[in-house]
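# What the coordinates show
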Amino acid sequence: QQAALENFYRDLSPSRDELALTEVEQTLNLASQQLALAGNVQSALAALQLTDAKLARLDRPRFAPLRRALAADMDRLKAVPYVDVAGLAGKLDAAIASVDALPLAHDERVEEPGAAAAAPPPLPHTAWQQFWRDLWNDAKGMVRIEHSERPAAPLLLPSQQYFLRENLQLRLLSARNALLARNDAIFRSDVKAADAWVRKFFDVHAKSVQPLLASLAQLKATSMPATLPELTQSLAAAATLRANLDRIAMHPAERPPAGVPR
């Protein structure tokens, strides 16, 4: 009976290891796909941490090389700078939606002088003097001189205004696609072009333009990693462990006796 129990234990133990290894392989493949296709570093790191915790609960000596490989890959993933792709994509979506309501630069007006700068009330005078004073005030109101720090804004026809807004939205949409594809060169180029168009053709002092400029400044300061690490060590360690289990399954005589650590 004791020998039968030992043989039964040896038959079940590889099956449990194979089941755990199958789960590890599936998790690693999903994490590798997320990292390669979507560049989701945080999701891949969470998958590796979950896998390492599962192997730690099993506490099997044969999984030690795999856990060391997982630790090495996790260290590389932790060293990758964090980029809030979802948050930045949301800012680009809000920027695209706000383009149609942005005021153009040639519609910009300098604020009217305040009441403090108004002239003191005139002294009492005759009707003739009042007539000439009113005439002079009306003549002065026909001409207004404005001082602006910006160069003269280009005048655009209605059709040109439409295509300007459409092209700006396309630039922002291209930047969003480049962000999701982790293409740093195209992303930076599109964001810089959109920022230059906004500053050239739109009223930068308008309240509706200020949030857009702030978002573009944040996007320009964002740097994405050129290359993302791959889970090569973990996948290689899992493949090696799988080969060992398959060899033991094909040659039962190579199984270690009961009581010997695997």
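The structure we're discussing is the one just above.
Keep in mind it's a predicted model, so treat the numbers as computed, not measured.

We now examine the overall build of the chain. Helix and strand counts for the chain come out as 9 helices and 0 strands. Taken over 262 residues, the chain has a buried fraction of 31%. The contacts of the chain with a sequence gap of at least 6 include a subset with a gap of at least 24, amounting to 81%. Put simply, the chain shows about 16,600 Å² of open surface, and 59% of that area lies on carbon and sulfur atoms.

Considering all chains together, one arrives at 9 salt bridges under this definition. Put simply, K54 and E23 hold a salt bridge, and the shortest N to O gap is 3.0 Å. Taken together, the positions of K54 in helix α2 (residues 41-58) and E23 in helix α1 (residues 2-38) put the pair 31 residues apart, joining distant regions of the chain. For K54, a relative accessible area of 25% puts it in the partly exposed group. Residue E23 is classed as partly exposed on the basis of its relative accessible area, which comes to 31%. Between D52 and R67 there is a salt bridge; the shortest N-O distance is 3.0 Å. Of this pair, D52 sits in helix α2 while R67 sits in helix α3 (residues 64-78), and the two are 15 residues apart along the sequence. Overall, D52 belongs to the buried group, its relative accessible area being 16%. Shared partners join several salt bridges into a network, and the residues in it are D195, R199 and K220.

Turning to empty space enclosed by the protein, a few remarks are in order. This structure, assessed with the given rule, holds 1 cavity of 30 Å³ or more. Empty space within the largest cavity amounts to approximately 40 Å³. What lines the largest cavity is simply E23, V24, T27, L50, T51 and K54. Listed by contribution, the elements that provide at least two residues to the lining of the largest cavity are α1 and α2. In terms of residue class, the lining of the largest cavity is built from 2 nonpolar, 2 polar and 2 charged.

Our next topic: the side chain of Q169. Turning to its location among the elements, Q169 is positioned in helix α6 (residues 158-180). Sequence-distant contacts of Q169, defined by excluding residues within four places in its chain, comprise I96, V99 and D100.

Residue position: A89 is located in helix α4 (residues 85-98). With 130 residues separating them in the primary sequence, A89 and L219 have C-alpha atoms 9.8 Å apart. Ignoring any residue separated from it by four or fewer positions in sequence, one finds A89 in contact with R176 and L179.

Residues L172, L179, F187, V198, F202 and L216 are the most contacted members of the largest nonpolar core, which totals 30 residues. Judged by nonpolar contacts, the second largest core, of 24 residues, contains A20, A47, L48 and L241.

Right, let's get into the packing of aromatic side chains. Applying the stated criterion across every chain yields a total of 1 aromatic pair. For the ring pair Y162 and F163, a centre distance of 5.3 Å and an interplane angle of 75 degrees mean the geometry is edge-to-face.

For helix α7 (residues 184-201), which comprises 18 residues, the first-to-last C-alpha distance of 26 Å matches the rise-based estimate of 26 Å (1.5 Å per residue) to within 8%. Turning to α7, its buried residues are F187, D190, V191, A193, A194, D195, V198 and F201. Packing partners of the buried residues in α7 comprise α4, α6 and α8 (210-220).

A contiguous nonpolar patch, built from W128, F131, W132 and L135 and spanning about 480 Å² of accessible area, is present on the exposed surface. Its location among the elements puts W132 in helix α5 (residues 127-141).

This part covers the packing of α2 against α3. Between α2 and α3, the least distance of the axes is 10 Å, while the angle of their chain directions is 155 degrees. What the angle tells us is that α2 and α3 run roughly antiparallel. Here α2 and α3 pass one another in a crossing that is left-handed. Side by side, α2 and α3 meet where V41, A44, L45, L48, Q49, T51, D52, L55 and A56 of the first sit next to L66, R67, L70, D73, M74, L77 and K78 of the second. For the contact of α2 with α3, the per-class residue count stands at 10 nonpolar, 2 polar and 4 charged.

Parameters at a glance
Residues numbered from 1 in each chain as written. Predicted model: local features only at pLDDT ≥ 70, side-chain atom pairs only at ≥ 80, totals over all residues. Heavy atoms only, no water. Helix = DSSP H or I, 4+ residues; strand = E, 2+ residues; numbered from the N terminus. Buried < 20%, exposed > 50% of the residue type's maximum accessible area, 1.4 Å probe, protein only. Contact = heavy atoms within 4.5 Å. Areas by Shrake-Rupley, 256 points an atom, 1.4 Å probe, with all protein chains shown as cover. Salt bridge = Lys/Arg side-chain N within 4 Å of Asp/Glu carboxyl O. 1 Å grid on protein atoms, 1.4 Å probe; cavity = no way out; pocket = protein on both sides within 12 Å on 5 of 7 lines; lining within 4 Å. Points joined across faces, edges and corners; volume = space filled by probe spheres on them. Nonpolar A, V, L, I, M, F, W, Y, C, P; charged D, E, K, R; others polar. Core = buried A, V, L, I, M, F, W, Y, C linked by side-chain atoms within 4.5 Å. Phe/Tyr/Trp six-rings, centres within 6.5 Å; stacked < 30°, edge-to-face > 60°. Expected span 1.5 Å × (residues − 1). Patch = residues over 30% accessible without salt bridge, like charges linked within 9 Å, V, L, I, M, F, W, Y side chains within 5 Å. Axes fitted to C-alpha atoms, helices over the stretch in contact; angles between N-to-C directions. Parallel < 35°, antiparallel > 145°, perpendicular 65-115°, else oblique. Left-handed = near helix turned anticlockwise from the far one by under 90°.

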